[in-house]
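What follows is each chain in one-letter form.
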Amino acid sequence: MKSIYIDCGLGISGDMLLSALLDLGVPYSIFLDNLASLNIDKNYKLKFNQGDSEGIRGIVCIRNQSEFKESPRSFNDIKNLLLDSSLNDYVKKKSIRVFEILAEAEGIIHGNQISDVHFHELGSIDSIIDVVNVCAAIDFLNPKNIYFSSPPAGKGIVSTLHGPLPVPVPTVLEIAKQYQIPLMLLEDEYLGEITTPTGIALIATFLDKVAKPDNMIIKKIGIGLGNKNISRPNFLRVLIIDVDQDCKDNNDKPAYETIISQEAWIDDSTPEDIAILIERLRSAGAVDVISYSVDMKKNRKGICIKAIVYPKHQNLIREVWFNYSTTIGIRENKISRWILPRRRHCYKTKFGEVNVKQIMRPNAQTSIKIEHDDLTKISLKTGISIEEIRQRLFIELSELYELDDYSN
């Protein structure tokens, strides 16, 4: 199933993201339907043009510089506007969530309750339409996961209705803190806002992970341009991707994946302590743990312990290192590996139940491996050697070689 990667390394705003989603293939008619659903004044015009930013082609959103006179809207005003509309439930829910995140941040900054927060620029019709249309576009694309790159912090001073404010403005900073969104320090001569409050609130609403996916297969690219001329490319990219396609769709072929290696050299723990640490690492989810002797500084003998872990477990296992060992640091690297398709199953045999791993080789040959703990239990119970038990089970389980339903 497809996922989305939003590359906002040069900046993000609601209209840039909206333009990129249109360029990606979201029908323009969806945006027009949303205007009708919100009962927006018929004189309001939402236009998109082809453009370029320092030679980079993309879509730019053209605002209707009209005579609209708008008063500040409260969070409840916007919430009621959305609830009273004929938008679908998903778009209503996600749009309200975006403004709730903004209201929470504004409330913390100004010391107000959410119900007392009044938006100025953030509550404009432009902002509401941007948010609703982005939510509708995501609903249309229906991705499995949404990934974001780290948005840039920006620098300088901007003018607001509250007066001059430093960049990142307080709302952006507060949302980044609350939702643990890392802000990137971009080497940039431009002084001004390049990650807007609406942009980072959309990240907080839809974020599955702040990271570039490993092994992504790019299906389509959409580019949204910013309206500011900042003497450098000013655009955002949205990519439709397949992640780890080989692992998901080609269960009969070797699969490529990225995992994490965590390693520490320890010279001030007893062998008993090392044994317990290795067991804790395995219990916490390590794929495997190895150890071997190393010569360390001052000619001291030490132990190198290396754990191979899945990315989803790396933070937890890092805590194990620091809480249950004497090390004061670990080495951590991404590594790649190829794995053969395999399956595990428990089979009833004349010796009782045994756990078996079956592997498919690239030449279409299969092999099986019987869990050694099960062989040991049977050997202790029967008095038969492990090798003889293994050979008997290979013969008994030979029909497994005919099966072809594999999954990793």
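Structure's up top.
Definitions and limits used
Along each chain, the written sequence defines residue order, and numbers are assigned to residues from 1. Per-residue local features are limited, in this predicted model, to residues with pLDDT of at least 70; the limit for side-chain atom pairs, both in listing and counting, is 80 or more; totals at the level of whole chains, interfaces and linings are taken over all residues. Excluding hydrogens and water, the side-chain values take into account all heavy atoms of the structure. Between any two strands, at least two bridges found by DSSP are needed for them to pair. In this description a helix means any DSSP run of H or I spanning at least four residues, a strand means any run of E spanning at least two, and both kinds are numbered starting from the N terminus. Each axis is a line fitted through C-alpha atoms, taken for helices only over the stretch in contact, and angles between the N-to-C directions span 0 to 180 degrees. For this classification, under 35 degrees means roughly parallel, over 145 means roughly antiparallel, 65 to 115 means roughly perpendicular, and everything else is oblique. Handedness of a crossing is defined here by the sense of rotation of the near helix relative to the far one, left-handed for an anticlockwise turn of less than a right angle and right-handed for a clockwise turn. Every residue pair with non-hydrogen atoms within 4.5 Å of one another is taken to be in contact. To form a nonpolar core, buried Ala, Val, Leu, Ile, Met, Phe, Trp, Tyr and Cys residues must be joined to one another through side-chain atoms within 4.5 Å. Only protein chains enter the calculation, and the probe is 1.4 Å; a residue is then buried if its accessible area is under 20% of its type maximum, exposed if over 50%, and partly exposed in between. Two rings from Phe, Tyr or Trp (for Trp, the six-membered ring) form a pair when their centres sit within 6.5 Å of each other. Planes less than 30 degrees apart are called stacked, planes more than 60 degrees apart edge-to-face, and all others tilted. By definition here, charges over rings are those cases where NZ of Lys or CZ of Arg is within 6 Å of the ring centre and within 35 degrees of the ring normal. A pair is scored as a salt bridge if a Lys or Arg side-chain nitrogen falls within 4 Å of a carboxyl oxygen belonging to Asp or Glu.

A. The sheet that holds strand E6 (residues 146-148), seen in detail. The mixed open sheet is built from seven strands, whose spatial order is E2-E3-E10-E11-E1-E6-E9. Because the sheet does not close on itself, it has two edges, and the strands there are strand E2 (47-53) and strand E9 (209-210). In this sheet, E6 lies alongside strand E1 (residues 3-7) in parallel orientation, the contact comprising three bridges. In the sheet register, Tyr5 faces E6, and the bridge partner there is Tyr147.

B. Quick peek at the packing of helix H11 (residues 372-382) against helix H12 (residues 386-396). Packing of H11 against H12 brings their axes to within 9 Å, and their N-to-C directions diverge by 115°. As summarised for this structure, H11 and H12 are arranged roughly perpendicular, according to the angle between their axes. For H11 against H12, the interelement crossing comes out right-handed. Each of His372, Leu375, Thr376, Ile378, Ser379 and Thr382 in H11 lies in contact with H12, whose residues at this interface are Ile386, Ile389, Arg390 and Leu393.

C. View of the pairing of E2. Judged from the seven bridges that link them, E2 and strand E3 (residues 56-62) form a sheet pairing that is antiparallel. Along E3, the bridge assignment pairs Phe48 with Cys61. Joining the antiparallel neighbours E2 and E3 is a turn of two residues, in which Glu54 adopts a positive phi near 50°.

D. Up close: the nonpolar core. Grouped together as the largest cluster of nonpolar side chains are 65 residues, with contacts concentrated most on Leu17, Leu21, Phe31, Phe99, Leu236 and Val238. Excluding residues that lie within four positions of it along the chain, Leu17 makes contacts with Ile6, Ile12, Val134, Leu202, Leu236 and Val238. Grouped together as the second largest cluster of nonpolar side chains are 16 residues, Leu277, Ala286, Ala307 and Trp321 included.

E. Local environment of the packing of aromatic side chains. Evaluation of the coordinates by the stated rule reveals four aromatic pairs. An angle of 45° between the planes, with centres 6.0 Å apart, marks the rings of Phe31 and Phe48 as tilted. Residue Phe31 is found in helix H2 (residues 28-37), and its partner Phe48 is found in strand E2; the two are separated by 17 residues along the sequence. Comparing Phe31 with Phe48, the two get one shared label, buried. Taken together, the ring pairs in this structure connect Tyr28, Phe31 and Phe48 into an aromatic cluster. Positioned over the ring face of Trp265 is Arg331, at 4.8 Å from the centre of the ring.

F. Region of interest: the sheet that holds strand E13 (residues 288-295). Reading across the sheet, the four strands line up as E13-E14-E12-E15 and stay open at both edges, with antiparallel pairing between neighbours. At either end of the open sheet lies a strand with only one pairing partner, and these are E13 and strand E15 (331-339). Ignoring which end each strand starts from, the neighbouring axes of this sheet average 30° apart. One ladder, built from nine bridges, connects strand E12 (residues 255-266) with E15; its direction is antiparallel. Pairing of Ala255 across the sheet is with Ile339, part of E15. Where helix H9 (residues 271-283) meets the sheet, its contacts fall on E12, E13 and strand E14 (301-309), and the angle it forms with E14 comes to roughly 10°. Contacting E12, E14 and E15, helix H10 (residues 314-324) crosses the sheet at an angle of about 15° to E12.

G. Geometry of the pattern of salt bridges. Following the criterion strictly, the structure yields 15 salt bridges and no others. Measuring nitrogen to oxygen at the nearest pair gives 3.6 Å for the salt bridge that ties Glu104 to Arg97. Salt bridges sharing common partners tie together Arg97, Glu100 and Glu104.

H. Spatial organisation of the environment of Ala176. Take Ala176: it is sitting in helix H6 (residues 170-178). In this structure the C-alpha to C-alpha distance between Ala176 and Glu257, which are 81 residues apart in sequence, comes to 30 Å. Excluding anything up to four places from it in sequence, Ala176 contacts Ile181, Leu183 and Ile200.

Interpretation note: all reported values are geometric properties and have no functional meaning in isolation.
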